[in-house]
Amino acid sequence: MPETAEPDFEVIVVGAGIAGCVTAYQLARQGRSVALIERGESPGSKNLSGGVLYARGIQNVLPGFLDEAPLERRITRNCVTFLNAESSVGIDYKDTRLADPVNAVTVLRAKLDAWLAQKCEEAGVFIMPSVRVDRVLTEDGATGKRVVGVQAGADEMRARVVVAADGVNSFIAREVGLRAKEPLNHLATSAKCVVSLPRETIEARFNLVGDEGAAIAVVGDCTEGVGGGGFVYTNIDSISVGVVLRLDDLTAKKKGVTEIFDHFLAHRFIAPYLEGGEVVEYGCHLVAEGGLNMIGEIAMDGMVVVGDAAGLTLNTGLTLRGMDLAVASAVAAAEGILSALERNDTSRSGLAGYRERFFASYAGKDMKTYAKAPAFLEIDRLYTHYGELFANVLYGAFNLDTEPRRHLLSVARKALMQSPVKMRQLISDGIAGARAL
Amino acid sequence: MRPLSVPERLAKNRFNLDEQECHIEVDQKIVKATGTGRDLVACCAAHVYTEEPDGTISVEYAACLECGACLAVAAPGALKWHYPRGGFGVQFREG
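All of these numbers come straight from a predicted model, not from anything done at the bench. (Residues numbered from 1 in each chain as written. Chains lettered and ligands numbered in written order. Predicted model: local features only at pLDDT ≥ 70, side-chain atom pairs only at ≥ 80, totals over all residues.)

Observations regarding the overall build of chain A
The secondary structure content of chain A amounts to 16 helices and 19 strands. Taking 22 Å as the expected radius of gyration for a compact globule of 437 residues, we find that chain A reaches 23 Å, a close match to that expectation. Based on the C-alpha atoms only, the size of chain A along its principal axes is roughly 85 × 45 × 40 Å. Burial statistics for chain A: of 437 residues in total, 54% are counted as buried. Here the contacts in chain A between residues at least 6 apart in sequence split such that 73% fall between residues at least 24 apart. (Helix = DSSP H or I, 4+ residues; strand = E, 2+ residues; numbered from the N terminus. Rg over C-alpha atoms; globule rule 2.2 N^0.38 Å. Buried ≥ 20, exposed ≤ 12 C-beta atoms within 10 Å, placed from the backbone. Contact = placed C-beta atoms within 7 Å.)

The structure is reproduced here in structure tokens:
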């Protein structure tokens, strides 16, 4: 397709999060002219995540990542727990192999993304902070509407390709029709506090040595039965603690985010982690929960969508992923854009290499593998009755009340009979879980 | 840890308040007709929205953490919400 007006940049990336920075960095390293527009005062200042980044992918992009980037702790301990009012049942998996080679790290995005943007600048990206993109510029082309740039206030900037890396709310992807208003079961809201504590206290409290870190994920009473969960992640000298609540369930159950978060912070099994700490920051963030079903078109004439803006997050029940998918989509998008620029065809079909590369990558394959996970995780019983049921089975086994013992299977059957969960539900949920996760 | 109130937590953050432009606008008629106000109040971690005794929803936009949950739950037409102008609003130091 002929491209008329001379562009200001070959590529304009909107949003200096992980997806935007990695896309810009990869393109600039190949000698392309790239502008990275960020509405925050500086890159990172609008960005927030729970905090665990699975780091293998980004190390391929930035080989010095582990040594140079402002990272918090290397996760060697993963806890996944059903948390009830008076009991909890879960797995506590600690493994030094997770530190070497490094698998996952905790991050604080205001710090990490500032560093990523600095890498971009060193690679030649033109960074424009404190600029809010108000709309995309489009022209009518032979195959429909074509994105040709962006408008910010009175300024218009043109590019051969615009990259929407503007996060889960992606106003620009919505504006051009690549994203519609999401159904509420595809979205969760998250509230988080960063709580400062001395590093020795954190290491003693979470049983960690040096820069080892712990990631604790819980479901159940912590959210008062609302679909979602809570998390406690260790940073170097602070803890990221928060809740994630599915918006459809939150509104249906008529609960408030802050009431649930307060309940979580005060929970007898959570509060001791935070004892003596001081809140240093309070944030919230919308989380895409739709998985594969949420990913629609990710390219059109003159534009691609990456990271959260493309709906790329994954909850597998054990791992909660978003940032590594942002990296993978950015790498695939940059390759797709380079190939389109080389062939001088940045139409939708010229940019189709992005989608192909993404779904050929481990990240795209994982989205397909876990396609049924979101539906499974909407089963209400996960957040209400299962935690109690599992605890009651274990209580029957551990509570030696001088009654003659019965075999565990019989204890479990009795606990199930007393639970609102029915045998057929347990079986069907078990099968669904096995298929989805 | 001393359990802080929401205003106390927000006071820990850094905000660049845009005194010239409010980025949130509520259509009180639609809010009243749809009852969507309750969801706006419930989903906001920053307590930006308050239901007043007369049933209208008041907005404290300076406290907004810019997550977008309100826009997702709002009944169609009840809310105009976009990001604050460049450089304004919450500026995370941790993130």
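Some words on the overall build of chain B
When you go through chain B residue by residue, the secondary structure sums to four helices and six strands. Starting at the N terminus and walking to the C terminus, you meet the elements of chain B as α-β-β-α-α-β-β-α-β-β. Radius of gyration (C-alpha) of chain B: 14 Å, near the 12 Å computed for a compact globule of 95 residues. The buried share of chain B, taken over its 95 residues, is 43%. Contacts spanning at least 24 positions in sequence make up 66% of the contacts within chain B whose residues lie at least 6 apart.

Here we look at the interface of chain B and chain A
The interface of chain B with chain A comprises 33 residues on the first partner and 48 residues on the second. Elements represented by at least two residues in the side of chain B that touches chain A include exactly helix H1 (6–10), helix H3 (37–43) and helix H4 (69–73) of chain B.

Observations concerning the packing of helix H10 (residues 323–342) of chain A against helix H11 (residues 353–360) of chain A
Residues and elements named next belong to chain A. Contact geometry of H10 with H11 gives a least axis separation of 8 Å together with a crossing angle of 145 degrees. Regarding H10 and H11, the two cross each other, and that crossing is right-handed. When H10 is examined against H11, the residues Ala-328, Ser-329, Ala-332, Ala-333, Glu-335, Gly-336, Ser-339 and Ala-340 are found in contact with a partner set consisting of Gly-353, Tyr-354, Arg-357 and Phe-358. Across the contact of H10 with H11, the residue classes break down as six nonpolar, four polar and two charged. (Axes fitted to C-alpha atoms, helices over the stretch in contact; angles between N-to-C directions. Left-handed = near helix turned anticlockwise from the far one by under 90°. Nonpolar A, V, L, I, M, F, W, Y, C, P; charged D, E, K, R; others polar.)

Details of the pairing of strand S10 (residues 155–164) of chain A
For a regular strand, the rule is simple: side chains alternate between the two faces of the sheet. All names here are of chain A. Across the ten residues of S10, seven count as buried, placing the element largely inside the fold. Pairing analysis gives four bridges linking strand S9 (residues 144–152) to S10, with the strands arranged antiparallel. Bridging across to S10, Gln-151 finds its partner in Glu-156. Count of turn residues in the S9/S10 antiparallel hairpin: two residues, of which Gly-153 carries a positive phi of about 60 degrees. Taken together, the three bridges between S10 and strand S17 (residues 303–305) define a ladder with parallel strand orientation. Considered in S17, the bridge of Ala-164 is made with Val-305. (Pairing = 2+ DSSP bridges.)

Here's the deal with unusual backbone geometry
Put simply, Asp-100 of chain A and Pro-101 of chain A share a cis peptide bond, and its omega is 0 degrees. Backbone geometry at Lys-254 of chain A places phi at a positive 55 degrees, although glycine is not the residue there. Within the fold, Lys-254 of chain A resides in the loop between helix H7 (247–252) and helix H8 (257–266). One non-glycine residue, Glu-66 of chain B, lies in positive phi territory at about 65 degrees.

Remarks on the domain arrangement of chain A
The domains assigned to chain A are domain 1 (9–72 + 107–179 + 296–371), domain 2 (185–288) and domain 3 (376–436). For domain 1 of chain A versus domain 3 of chain A, the distance between C-alpha centres works out to 44 Å. (Domains from an automatic or database assignment.)

Re H11 of chain A
Residue and element names in this part refer to chain A. By the burial criterion, the buried members of H11 are Tyr-354, Arg-355 and Phe-358. Buried residues of H11 fall within an arc of 95 degrees about the axis and therefore sit on the same side. On the buried face of H11, the contacting elements are strand S16 (299–300), S17, H10 and helix H12 (362–369). (Arc of directions from axis to C-beta.)

Some remarks on the pairing of strand S12 (residues 212–220) of chain A
All names here are of chain A. Judged by how many residues are buried, S12 sits mostly within the fold: eight of nine residues are covered. For strand S4 (residues 74–83) and S12, the ladder comprises nine bridges, and the chain directions are parallel. Its bridge partner being in S12, Ile-75 is matched across the sheet by Gly-213. Direction of pairing for S12 relative to strand S13 (residues 228–234): antiparallel, over a ladder of four bridges. Bridging from a neighbouring strand, Ala-215 pairs with Tyr-233 of S13.

Quick notes on helix H4 (residues 109–123) of chain A
Residues and elements named next belong to chain A. Taking 1.5 Å of rise per residue, 15 residues should cover 21 Å, and H4 covers 20 Å from first to last C-alpha, within 8% of that figure. Burial in H4 covers these residues: Arg-109, Ala-110, Leu-112, Asp-113, Leu-116, Ala-117, Lys-119 and Cys-120. On its buried face, H4 sits against helix H1 (18–29), strand S2 (34–37) and strand S7 (126–128). One or two residues past the end of H4 sits Gly-124, with phi positive at roughly 105 degrees. (Expected span 1.5 Å × (residues − 1).)

Some words on the environment of Thr-369 of chain A
All names here are of chain A. Structurally, Thr-369 can be placed in helix H12. Taking the number of C-beta atoms within 10 Å as the measure of exposure, Thr-369 has 15 and is therefore partly exposed. For the pair Thr-369 and Leu-320, spaced 49 residues apart in the sequence, the C-alpha separation amounts to 14 Å.

Observations concerning the confidence of the model for chain B
Per-chain confidence: chain B averages 96 in pLDDT, with 100% of residues scoring 70 or above. Under the prediction, the complex receives an ipTM of 0.97, its pTM being 0.96. (pLDDT = per-residue confidence, 0-100.)

Examining the environment of Arg-405 of chain A
All names here are of chain A. Looking at the element boundaries, Arg-405 is found in the loop between helix H14 (386–398) and helix H15 (408–418). The class for Arg-405 is exposed, based on 11 C-beta atoms found within 10 Å. In this structure the C-alpha to C-alpha distance between Arg-405 and Asp-249, which are 156 residues apart in sequence, comes to 41 Å.

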